[in-house]
Amino acid sequence: MINPIQTTFRNLFESSPLISFAPGRINLIGEHTDYQEGFVFPAAVKQGIWVAIQKNGLKSCRLYSLDFDQEFTFELDTLSPKKGHWATYVMGMVALLNQAGYSVSGFDMVFGGNIPVGSGLSSSAALSVAIGTAISGLFGFEIPKKSIALYGQKSEHLFAGVKCGIMDPYASAFGAKGKALLLDCRSNTHEEIPAEFGDYSLILVNSKVKHSLADTAYNKRREACEESVRLLSAHFPGIVTLRDIPSADMEKVETLLSAELYPKAKHLITECERVHEAAAALKLGNLSLFGELLKASHLSLSKDYEVSCPELDFLAEKSWEITDVIGSRMMGGGFGGCTINLVKSSRIMDFESRISSAYSARFGIVPDFIPVQIGSGASILKEPADTK
Ligand code: GAF
């Protein structure tokens, strides 16, 4: 992928660019917990976004998206990121970096990637992190990775309208080859844990549906958690988020919350515990326990947190029926996108054909299968040979 990006850049702008890469991410377990300062267990994948960039000596930034085959130019003096356009991710990062005191001057940029659209591998976080890494390298800012991840999250809040957590840009920035990140979303620190699955491989199944209002529902879930914290804090002194409540106190939580709020809080509390259990199981090589925890996570997301959909439920349930599958659950924000599955490597073709025929018979959609391997986080791949 680096070659077409580099060639396109040279053809369009006739100079030699710096090239950065930032990966997409999977999440093994720990869903919808990051915005409650909880625990998550993501990993970077090999698919990602490549950004080629060079200074242009102007007061404007000239962009070209290889994937959209579109150009876009914006002036640095009148920067106005608008929701819904790919260039917003570039303008958003530039606006936030300028606000933080990094003085970004004019540049030319080409970017593109190989993250399947709608797969839930978080291409938007990868794009923000790749842009932050590229700008940091080009202008010599040496912005810490954690700050790049936080700017990526803030850009999503301000310019895409999704009040997401830190997981996606953090995993893209800090990913490590062959390792999953046990991430504490309060301290924003992580422990790397070898993601060794023996005879099993990770494979995503893309439902190829994205139900409307997903962003609204996401923000509503976040508000429901915040409301629960407000109601519970009088009875649990010192709690800051739902992560601070142990599941041993679940009965008390139930008596204090409405029938609407309680299951959501229950998901948060139990999912944080499942993340620790899953990390411990992986360390011990106990894959069957790991798989059971993935199933419990899916059921909690579907029944209690209500962020699944019939297509994802069907894919997970069908996978649970197959003996060669050790774990399966919806992955990411929900309401569509992918399931993540641990499937016996020698039986993947059989898995694909069984899931494909069952899913297409039920929904009239042929799902996509995306094998994933755990790769490294964001980096600069190539320094420019010359600068303007
Ligand atoms: C999306 C968000 F961007 C993440 O922050 C996280 O909340 C995830 O949904 C659900 O776990 O990917």
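Treat the numbers as computed from the prediction; the structure is a model and nothing was measured. (Residues numbered from 1 in each chain as written. Predicted model: local features only at pLDDT ≥ 70, side-chain atom pairs only at ≥ 80, totals over all residues.)

**A short note on the sheet that holds strand β6 (residues 107-113)**
As summarised here, the arrangement of the 6 strands in space is β5-β4-β6-β3-β1-β13, forming an open sheet in which the pairing is mixed. The open sheet has two edge strands with one neighbour each: β5 (70-75) and β13 (379-382). Direction aside, the axes of adjacent strands within the sheet are offset by 25 degrees on average. For strand β1 (residues 18-27) and strand β3 (residues 42-55), the ladder comprises 9 bridges, and the chain directions are antiparallel. Counted as the bridge partner of Phe-21 is Trp-50 from β3. Set on the sheet, helix α1 (residues 2-13) makes contact with β1, β3, β4 (60-65), β6 and β13; between it and β6 the angle comes to about 150 degrees. Of the strands in this sheet, β4, β5 and β6 touch helix α2 (residues 87-99), which is tilted by about 145 degrees from β4. (Pairing = 2+ DSSP bridges. Helix = DSSP H or I, 4+ residues; strand = E, 2+ residues; numbered from the N terminus. Axes fitted to C-alpha atoms, helices over the stretch in contact; angles between N-to-C directions. Contact = placed C-beta atoms within 7 Å.)

**Details of unusual backbone geometry**
The phi torsion at Glu-37 lies on the positive side, around 55 degrees, for a residue other than glycine. Counting through the fold element by element, Glu-37 comes out in the loop between β1 and β2 (39-40). The backbone of Ser-122 sits at a positive phi, close to 65 degrees, despite the residue not being glycine. On the neighbour-count criterion, Ser-122 (30 C-beta atoms within 10 Å) is buried. (Buried ≥ 20, exposed ≤ 12 C-beta atoms within 10 Å, placed from the backbone.)

**Points about the nonpolar core**
In this structure, Val-51, Met-109 and Ala-130 are the most contacted members of the largest nonpolar core, which totals 105 residues. A domain-level breakdown of this core finds at least three residues from each of domain 1 (2-195 + 375-382) and domain 2 (200-371). Ignoring anything within four residues of it in the chain, the contact list for Val-51 reads Ile-19, Ser-20, Met-109, Phe-111, Ala-130, Ile-131 and Ala-134. (Core = buried A, V, L, I, M, F, W, Y, C linked by C-beta atoms within 7 Å. Domains from an automatic or database assignment.)

**Topic: the UniProt feature "binding site: ATP" (unreviewed entry) in the chain**
Under the present numbering, the feature "binding site: ATP" (unreviewed entry) in UniProt falls on Ser-65, Gly-118, Ser-119, Gly-120, Leu-121, Ser-122, Ser-123 and Ser-124. Take Ser-65: it is sitting in strand β4. In contact with Ser-65, not counting residues within four places along its chain, are Gln-70, Trp-86, Phe-111 and Gly-112. Tracing the backbone shows Gly-120 in the loop between β6 and α3 (123-139). In this structure Gly-120 comes out as buried when scored by C-beta crowding, with 27 C-beta atoms within 10 Å. (UniProt positions renumbered as here; feature names shortened; annotations may be inferred.)

**Quick word on the pairing of β4**
Strand direction decides the pairing type here: β4 and β5, joined by 6 bridges, are antiparallel. Among the inter-strand pairings, Cys-61 is bridged to a residue of β5, identified as Phe-74. Count of turn residues in the β4/β5 antiparallel hairpin: 4 residues, of which Asp-69 carries a positive phi of about 50 degrees. Relative to β6, β4 is paired through 4 bridges, and the arrangement is parallel. Residue pairing across strands places Ser-65 opposite Phe-111, the latter belonging to β6.

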